[in-house]
Amino acid sequence: MPNTIRIAAALLIDPQGRTLLVRKRGTQAFMQPGGKIDAGETPVQALVRELHEELGLHIDPAQAVHLGQFSAPAANEPGFEVQAELFRVDSAAAVLPAAEIEEVVWLAADQAPAMQLAPLTRDLILPLYRQAVSAPR
């Protein structure tokens with residue numbers, strides 16, 4: 001059984017259809033906002049707490065649409081795998097990097113990311129995001 005880190009992550013989408021990526025202080029890779037699920041927390045509770053701590057966002061848990069569970073090698077913990085409960089959150093609110101977040105970037109679906117990405121973001125979440133925003137409504 002590999003060492004697994006359970007996280008809740010947000011595919012955060014703004015009114016222009018862009019998605020938010022964040023980079024934690026002291027790390028290179030950009031990833032979805034979110035974080036570890038604490039004992040006794042549901043994934044959506046962890047998501048709400050992390051988005052508030054990291055970005056100053058207040059979201060209603062009912063706004064978070066569960067997209068599924070995704071696993072990939074952890075970006076910042078060698079030998080670990082991250083298991084993410086991914087939620088889509090559509091928000092027009094301004095984000096303010098806080099806590100351990102050093103940098104935030106809004107990425108458009110047709111924009112090739114120039115920055116280093118976490119494996120989960122690069123291999124699973126961004127392809128899903130591109131599919132979601134290009135799908136007919």
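The coordinates are above.
Counting restarts for each chain: residues are numbered from 1 in the order of the written sequence. Local features are withheld for residues below a pLDDT of 70 in this predicted model, meaning they are given only at 70 or higher, and side-chain atom pairs are given and counted only at 80 or more; totals for whole chains, interfaces and linings count all residues. Based on all heavy atoms of the structure, the side-chain values leave hydrogens and waters out of the count.

Asker: Pulling in residues and values, what's your account of helix α1 (residues 43–55)?
Answerer: Only DSSP runs of H or I with at least four residues qualify as helices, and only runs of E with at least two residues qualify as strands; both kinds are numbered from the N terminus onward. Expected helix span is given by 1.5 Å per residue-to-residue step, counting one fewer step than there are residues. With 13 residues, α1 extends 17 Å from end C-alpha to end C-alpha; this agrees with the ideal 18 Å at 1.5 Å per step. For each residue, the accessible area found with a 1.4 Å probe, counting protein chains only, is set against the maximum for its type, and the residue is called buried under 20%, exposed over 50%, and partly exposed in between. All buried positions along α1 are accounted for by A46, L47, E50, L51, E54 and L55. End-on, the buried residues of α1 take up no more than an arc of 125°, which puts them together on one face. We call two residues in contact whenever any of their non-hydrogen atoms come within 4.5 Å of each other. As for α1, its buried residues are in contact with β1 (3–13), β2 (19–24), β3 (34–36), β5 (80–90) and β6 (101–107). Two residues or fewer past α1, G56 is found with a positive phi of approximately 70°. Within this analysis, the arc is defined by the directions that extend from the helix axis to the C-beta atoms.

Asker: Requested: an account of the pairing of β2, with residues and values cited.
Answerer: Of all six residues that make up β2, six are buried, and the element is covered over most of its length. In this scheme, strands are said to pair when DSSP sees at least two bridges between them. Pairing between β2 and β6: six bridges, direction antiparallel. Within the sheet, the bridge partner assigned to R23 lies in β6 and is E103.

Asker: If you had to explain the pairing of β1 to someone new, which residues and values would you point to?
Answerer: Among the eleven residues that make up β1, eight are buried, leaving the element largely enclosed by the rest of the structure. Inspection of the sheet shows β1 paired to β5 by eleven bridges, in the parallel sense. By the bridge assignment, L12 is partnered in β5 with V89.

Asker: Run through the pattern of salt bridges, naming residues and quoting values.
Answerer: Throughout this description, the term salt bridge denotes a Lys or Arg side-chain nitrogen within 4 Å of a carboxyl oxygen of Asp or Glu. This model, assessed by the stated rule, comprises eleven salt bridges. One salt bridge in this structure joins E103 and R23, with 2.9 Å as the shortest N-O distance. You can see E103 sitting in strand β6 and its partner R23 sitting in strand β2, a full 80 residues away along the chain. The shortest N-O distance in the salt bridge between R122 and D123 comes to 2.8 Å. Assessed through its relative accessible area of 45%, R122 is described here as partly exposed. Since its relative accessible area comes to 43%, D123 is described here as partly exposed. Shared partners join several salt bridges into a network, and the residues in it are D38, E41, R49, E50 and E53.

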